[in-house]
Amino acid sequence: PLPEALDEAMIAAVVHGFYDEIRKDDLLGPIFNGAIAPQDWPHHLGKMCAFWSATLLRTGRYEGRPLPPHLALPGLGEEHFRRWLTLFRATVHALCPPEVAALFMDRAMRVAHSFRLAIAFNRGE
Ligand code: HEM
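As a starting point, this report considers the structure included with it. Since we're looking at a predicted model, the values are computed, not measured. (Residues numbered from 1 in each chain as written. Predicted model: local features only at pLDDT ≥ 70, side-chain atom pairs only at ≥ 80, totals over all residues. Heavy atoms only, no water.)

## Quick word on the site of the ligand
In the region of the ligand, 20 residues are neighbours, and Phe32, Lys47, Tyr62, His70 and Trp84 sit closest. In this structure, an oxygen atom belonging to the ligand sits 2.6 Å away from a side-chain N or O atom of tyrosine 62. Taking histidine 70, its side chain carries an N or O atom lying 2.8 Å from a nitrogen atom of the ligand. With 5 residues, helix H3 (residues 41-57) is the single largest residue contributor to the shell around the ligand. Tallied by class, residues from the shell around the ligand come to 16 nonpolar, 3 polar and 1 charged. (Near = heavy atom within 4 Å. Polar contact = N/O pair within 3.5 Å; in protein donor to acceptor, adjacent residues only side chain to side chain. Helix = DSSP H or I, 4+ residues; strand = E, 2+ residues; numbered from the N terminus. Nonpolar A, V, L, I, M, F, W, Y, C, P; charged D, E, K, R; others polar.)

Rendered as structure tokens:
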């Protein structure tokens, strides 16, 4: 059974908190701000809430394909994924009870790993 604290409000808090931090990050901020125009941020945050809702609560709210936009980002590598996961871990541990933070991290690490593999495969490594 899912922890009671894991609901749409918690997901929204994590998503908004995380992207507030990531946009200020020296390594990842320029990538996100380069790909997403200021007026498009509300749409992106809504999509990310839908993604996490579908992933953790199985609501089916996200029907997109998460991989393609990442394959299109040039030079995405290990250091970017490490930083992304470090910031995400800090966010979920600040905002969620430990069992909810663990669910977010488990899924984030799986997705990050699948993206890394897909990027390497795509480059013919
Ligand atoms: C979309 C960057 C890791 C999930 C995006 C976009 C950027 C981005 C710039 C917006 C693309 C666009 O709209 O043009 C990155 C970077 C990452 C990273 C730099 C780390 C190296 C992750 C991870 C996850 C994730 C680990 C999942 C746990 C998503 C999803 C979208 C997205 C669901 C929306 C895709 C869609 O349009 O439906 N990412 N990302 N990303 N990202 Fe990431």
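From this point on, the discussion continues.
## A few points about the coordination of the iron atom of the ligand
Looking at the iron atom of the ligand, one finds just one donor atom contributed by the protein, His70 (NE2), at 2.0 Å. With respect to the helices and strands, histidine 70 occurs in helix H4 (residues 67-71). (Donors = N, O, S within 2.8 Å, 3.2 Å for Na, K, Ca; no water.)

## Structural notes on the packing of aromatic side chains
Counted under the stated rule, the structure contains 12 aromatic pairs. Ring geometry for phenylalanine 18 and phenylalanine 88: centres 5.0 Å apart, planes at 85°, overall edge-to-face. Of this pair, phenylalanine 18 sits in helix H1 (residues 8-24) while phenylalanine 88 sits in helix H5 (residues 78-95), placing them 70 residues apart in sequence. Judged by its relative accessible area of 1%, phenylalanine 18 falls in the buried class. Overall, phenylalanine 88 belongs to the buried group, its relative accessible area being 1%. Where tyrosine 19 meets tryptophan 41, the ring centres are 6.0 Å apart and the plane angle is 50°; that geometry is what we call tilted. With tyrosine 19 in helix H1 and tryptophan 41 in helix H3, the pair connects residues that are 22 residues apart, well separated along the chain. (Phe/Tyr/Trp six-rings, centres within 6.5 Å; stacked < 30°, edge-to-face > 60°. Buried < 20%, exposed > 50% of the residue type's maximum accessible area, 1.4 Å probe, protein only.)

## A closer look at the side chain of serine 53
Relative to the helices and strands, serine 53 resides in helix H3. Overall, serine 53 belongs to the buried group, its relative accessible area being 0%. Side chain to side chain, serine 53 and glutamate 8 meet in a polar contact 2.7 Å long. Filtering out sequence-adjacent residues up to four positions away, serine 53 remains in contact with Glu8, Ile11, Arg58, Thr59 and Arg61. (Contact = heavy atoms within 4.5 Å.)

## Thoughts on the pattern of salt bridges
Side-chain pairing between opposite charges can occur once the charged atoms of the two side chains come close. The full count for this structure, using the stated rule, is 7 salt bridges. Glutamate 8 serves as the salt-bridge partner of arginine 61, at 2.9 Å between the closest nitrogen and oxygen. Here arginine 61 is found in the loop between H3 and H4, whereas its partner glutamate 8 is found in helix H1, with 53 residues between them in sequence. Since its relative accessible area comes to 44%, arginine 61 is described here as partly exposed. Salt-bridge contacts for glutamate 78 lead to arginine 82; the nearest nitrogen and oxygen are separated by 3.9 Å. Here glutamate 78 pairs with arginine 82, and both are found in helix H5, just 4 residues apart, close to one helical turn. Several salt bridges converge on common partners, so that one network encompasses Asp25, Asp26 and Arg83. (Salt bridge = Lys/Arg side-chain N within 4 Å of Asp/Glu carboxyl O.)

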